[in-house]
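Residue strings, one per chain:
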Amino acid sequence: MRTRMTNIILTPGATGESHITFIPNAEVQIDGNLIVYAGSAAHAPRFEADETIDGAGCLCMPGLVNLHTHTPMTYLRSAGADLALDDWLNKAIFPLEKQWDEDLIRSATDLGCMEMLRFGTTSFNDMYFHTGIMAEALRDNGMRATLGHGIVDFDESCADMVEGVAMAEKWNHACDDRIRFSLAPHSEGATTPVLLRKVAQTAKQLNVRIHIHVSETDFDLQGCLRRRGLTPPAYLEQLGVLDVPVIAAHCVWFSDADIEIFRRHGCVIAHNPVSNLKLASGVAPISKMLAAGCHVALGTDGVASNNNLNLWEELKLMPMLQKGVTLNPTVVSPAQTLAAATVEGARAMGYDHLGLLEKGYLADLILLDLNVPNMLPAIDLESNLIYAAQGSDVRLTMVNGKVLYRDGKFTTLNREGLLQKARDGAETMRRRMEASGAARL
Ligand SMILES: [Zn+2]
């Protein structure tokens, strides 16, 4: 399939330079799953397209990358609202999570993918259970994702890791390399040193990333100091975990020494500002991390603590929070923010040619409507993009050269069927939980 996007304003994306570039009267040419041209229409080479998409009035930009989520948790949306973290997990989330079956995981995953596509997210990095079912959903719905089977292990049985390895061996690089796998030990507090050493060795052998929660709350930090005598980054470094490419979610409670450890190892920080605020975990020192040269990308975290998969909220909050905390309005630039929502996440998942719209890059892109009240006037398009745009302004979402969402319609997902399943499925889980004797929420 050869596709041409015409009449667009183009941003190739940003790698963290001082400004975002916009090219008016631009064109993008896509052959199969690759971009073969992205630039001014006046300089575009001849190109015979099977389909031409008129993007008049739209900004064509890289698709968003959600670097930390737990997609099937869509069915736990608003469960245990406003409880403190401990009660939220033990009284709301864990009892509901015991009620999953394969059909529910599948439809909850598809619901999450539908929500992400509708808001312009083209790929995501996930940690959850039942990853084989999730991979089947991705195979069919066309999204790009890295999945990691969550490893919770106190007895050193390594049962979760064995399952995670089996899934990685089966699915890593499947479906034209849209599906990748990581190893995903939940956190320092949910594992042992023996397990984490084994995860590091195995990740090296399999050549996969490690995806882990790090220093999400002060409770996590204090627990690690008590149990290990070290901060979580120092502990992970000592065990050799940071010798493997690591995606570390949250990193809220970081000292300057922790930031230096992460910089030295090139770890990627998956920043989840909405979730951190909702669960009252704190504000990660993102401006310090960026100034130190750390890699920062954005994530929503699971829907249960967000409560949606609309990454535009994180795009706005990331610089906003740093301005508020540092009292410096220039502390995080729009370009750094856009990079965190796109190319930094793509590279964190190991894709060298993803997250920018340039020749030779994978065709994961979106069209954002600029002809809406909240985007006019366009005196400063860069600022509009970060602070004024809404997820609902996304008109089209393309992954790997295929249009998966356009003007309210999904090409691989049954919208009405999935919405009904969401109503029924969440109710089924709630009924089962109550029948099992757990307290009513
Ligand atoms: Zn998480």
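Overview of the structure. None of these values were measured; they are calculated from a predicted model.

**Quick look at a nonpolar patch on the surface**
- On the surface, a cluster of nonpolar side chains totalling about 270 Å² of accessible area is made up of Phe 129, Val 152 and Phe 154.
- One can find Val 152 in the loop between strand S8 (144–151) and helix H4 (159–171).
- What makes Val 152 partly exposed here is its relative accessible area of 35%.

**Observations concerning the packing of aromatic side chains**
- Here the structure, examined in full by the defined rule, presents 5 aromatic pairs.
- Summarising the aromatic geometry, the rings of Tyr 128 and Phe 129 are spaced 5.4 Å apart at their centres and angled 50° between planes, so their arrangement reads as tilted.
- Exposure remark for Tyr 128: the relative accessible area of 3% places this residue in the buried category.
- Exposure remark for Phe 129: the relative accessible area of 30% places this residue in the partly exposed category.
- When the ring of Phe 254 is compared with that of Phe 262, the centres are 5.0 Å apart and the planes differ by 85°; the resulting orientation is edge-to-face.
- Classification of Phe 254 by relative accessible area gives buried; the value is 10%.

**Re the coordination of the zinc ion**
- In the first shell of the zinc ion, the protein supplies His 68 (NE2), His 70 (NE2), His 213 (NE2) and Asp 301 (OD), at 2.1 to 2.4 Å from the metal.
- Of note is the zinc ion, whose 4 donor atoms meet at the metal with angles of 83 to 171° in an arrangement that counts as irregular.
- Along the chain, the residues donating to the zinc ion are arranged with the sequence spacing H-x1-H-x142-H-x87-D. Taken together, the residues span a long stretch of sequence, with His 68 in strand S6 (residues 64–69) and Asp 301 in the loop between strand S13 (295–298) and helix H12 (312–326) at a distance of 233 residues.

**A closer look at the sheet that holds S13**
- Here we have 8 strands laid out as an open sheet, ordered S6-S7-S8-S9-S10-S11-S12-S13, and parallel in their pairing. Taken across any chain shown, the strands that pair with only one partner, and hence form the sheet edges, are S6 and S13. Across the sheet, the mean angle separating the axes of adjacent strands is 25° when strand polarity is ignored.
- Pairing between S8 and strand S9 (residues 179–185): 7 bridges, direction parallel. Within the sheet, the bridge partner assigned to Gly 148 lies in S9 and is Ser 182.
- Sheet strands in contact with helix H2 (residues 102–118) are S6 and strand S7 (121–128), and its direction is about 145° off that of S7.
- Running over the sheet, helix H6 (residues 193–206) touches S8, S9 and strand S10 (209–214) and is turned about 160° from S9.

**Section: the environment of Thr 71**
- One can find Thr 71 in the loop between S6 and helix H1 (85–97).
- Considering only alpha carbons, one finds Thr 71 and His 149, 78 residues apart in sequence, at a separation of 12 Å.
- The residues contacting Thr 71, other than those within four sequence positions of it, are Ala 108, Thr 109, Gly 112, Cys 113, Met 116, Phe 124, Asp 126 and Met 134.
- Of note is the side chain of Thr 71, whose polar atom sits 2.5 Å from the side chain of Asp 126.

**With respect to unusual backbone geometry**
- Note that the residue after Asn 306, namely Asn 307, is joined by a cis bond; omega there is 10°.
- Along the chain, the position of Asn 307 falls in the loop between S13 and H12.
- In this structure, Asn 7 is a non-glycine residue whose phi angle is positive, near 60°.
- With respect to the element layout, Asn 7 can be found in strand S1 (residues 2–10).
- Using a relative accessible area of 48% as the deciding quantity, one classes Asn 7 as partly exposed.

**A few points about the environment of Asn 371**
- Along the chain, the position of Asn 371 falls in the loop between strand S14 (365–369) and helix H15 (381–387).
- With relative accessibility at 55%, the residue Asn 371 sits in the exposed group.
- In sequence terms Asn 371 and Cys 58 are 313 residues apart; their C-alpha atoms lie 7.4 Å from each other.
- The residues touching Asn 371, leaving out its near neighbours within four places in the chain, are Gly 57 and Leu 376.

**With respect to the nonpolar core**
- With 65 residues, the main nonpolar core has Val 241, Phe 262, Met 289 and Trp 312 as its most contacted residues.
- Setting aside anything within four residues of it in sequence, one finds Met 289 in contact with Cys 251, Phe 254, Ile 259, Ile 269, Cys 294 and Val 296.

**With respect to the side chain of Asn 307**
- Residue class for Asn 307 comes out buried when judged on its relative accessible area of 17%.
- A distance of 3.0 Å separates polar atoms of two side chains, one belonging to Asn 307 and the other to Ser 78.
- Ignoring any residue separated from it by four or fewer positions in sequence, one finds Asn 307 in contact with Arg 77, Ser 78 and Lys 278.

**A closer look at H2**
- For H2, with 17 residues, the first-to-last C-alpha span of 24 Å sits near the 24 Å given by 1.5 Å per residue.
- With 13 of 17 residues buried, H2 lies mostly within the body of the structure.
- Looking one or two places after H2, you find Gly 120, whose phi comes out positive at around 85°.

**Quick look at the packing of H1 against helix H16 (residues 415–435)**
- Between H1 and H16, the least distance of the axes is 9 Å, while the angle of their chain directions is 105°. In terms of axis orientation, H1 runs roughly perpendicular to H16. Residues Ala 92, Pro 95 and Leu 96 of H1 form the contact with H16, whose participating residues are Met 429, Arg 430 and Met 433.
- Taken together, the residues of the contact of H1 with H16 sort by class into 5 nonpolar, no polar and 1 charged.

**Quick word on H12**
- The terminal C-alpha atoms of H12, which comprises 15 residues, lie 22 Å apart, in line with the 21 Å expected from a rise of 1.5 Å per residue.
- Every buried residue of H12 is accounted for by Trp 312, Glu 314, Leu 315, Met 318, Pro 319, Leu 321 and Gln 322.
- Positive phi shows up at Leu 327, right after H12, with a value of about 60°.

About the cut-offs
- Residues numbered from 1 in each chain as written.
- Predicted model: local features only at pLDDT ≥ 70, side-chain atom pairs only at ≥ 80, totals over all residues.
- Heavy atoms only, no water.
- Patch = residues over 30% accessible without salt bridge, like charges linked within 9 Å, V, L, I, M, F, W, Y side chains within 5 Å.
- Areas by Shrake-Rupley, 256 points an atom, 1.4 Å probe, with all protein chains shown as cover.
- Salt bridge = Lys/Arg side-chain N within 4 Å of Asp/Glu carboxyl O.
- Helix = DSSP H or I, 4+ residues; strand = E, 2+ residues; numbered from the N terminus.
- Buried < 20%, exposed > 50% of the residue type's maximum accessible area, 1.4 Å probe, protein only.
- Phe/Tyr/Trp six-rings, centres within 6.5 Å; stacked < 30°, edge-to-face > 60°.
- Donors = N, O, S within 2.8 Å, 3.2 Å for Na, K, Ca; no water.
- Tetrahedral: all angles 85-135°; square planar, octahedral: opposite > 155°, others 65-115°.
- Pairing = 2+ DSSP bridges.
- Axes fitted to C-alpha atoms, helices over the stretch in contact; angles between N-to-C directions.
- Contact = heavy atoms within 4.5 Å.
- Polar contact = N/O pair within 3.5 Å; in protein donor to acceptor, adjacent residues only side chain to side chain.
- Core = buried A, V, L, I, M, F, W, Y, C linked by side-chain atoms within 4.5 Å.
- Expected span 1.5 Å × (residues − 1).
- Parallel < 35°, antiparallel > 145°, perpendicular 65-115°, else oblique.
- Nonpolar A, V, L, I, M, F, W, Y, C, P; charged D, E, K, R; others polar.

Taken by themselves, the reported measurements are silent on function.
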